[in-house]
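# Commentary on secondary and tertiary structure
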Amino acid sequence: MSIKRDISSDGKQAVLHVKGEFNFALVQEVRNAYVDLKGKDVIVDLREATYMDSAGLGILLNMQDYLNKPNGAIKLVNCSDAIKRVLLIAKFEKKFHIE
């Protein structure tokens, strides 16, 4: 399993931890992780992500759309320099809060 999910004790926040390559192989696993998160604050922790491609970007956009989150509502945290570069090239700083 490459996605680990933590829900805060008050149930208001969810953190999705991505481990390894964030690509097409994770589509269903990520979907399963966020399917019941409507109404919660969502953070995607990329500390253990080693790679992200266009499929990973698409997964994030689909999650944002499914959860009906406005631009900047989903936080992407602990990005490596390489992943942050991919996010910035794709102009994801306009759609997500990147830390």
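Owing to the predicted nature of the structure, the values given are computational and were not obtained by experimental measurement. (Residues numbered from 1 in each chain as written. Predicted model: local features only at pLDDT ≥ 70, side-chain atom pairs only at ≥ 80, totals over all residues. Heavy atoms only, no water.)

We now examine helix 1 (residues 27–34). Of the positions making up helix 1, those classed as buried are Val27, Val30, Ala33 and Tyr34. Down the axis of helix 1, the sector holding all buried residues measures 130°, keeping them to one side. Residues of helix 1 that are buried make contact with strand 1 (3–7), strand 2 (13–22) and helix 2 (54–66). (Buried < 20%, exposed > 50% of the residue type's maximum accessible area, 1.4 Å probe, protein only. Helix = DSSP H or I, 4+ residues; strand = E, 2+ residues; numbered from the N terminus. Arc of directions from axis to C-beta. Contact = heavy atoms within 4.5 Å.)

Further remarks concern the sheet that holds strand 1. In spatial order, the strands read 1-2-3-4-5; together these 5 strands make up an open sheet with mixed pairing. Two strands close off the open sheet at either side, each with one partner strand: strand 1 and strand 5 (97–98). Bridge analysis of strand 2 against strand 3 (residues 41–52) gives 9 bridges, and the strand direction is parallel. Each bridged residue has a counterpart across the sheet, and for Leu16 the counterpart in strand 3 is Val44. Sheet contacts for helix 1: strand 1 and strand 2; angle to strand 1, the most-contacted strand, approximately 10°. Taken strand by strand, helix 2 contacts strand 2, strand 3 and strand 4 (75–77), and its axis lies near 175° from that of strand 3. (Pairing = 2+ DSSP bridges. Axes fitted to C-alpha atoms, helices over the stretch in contact; angles between N-to-C directions.)

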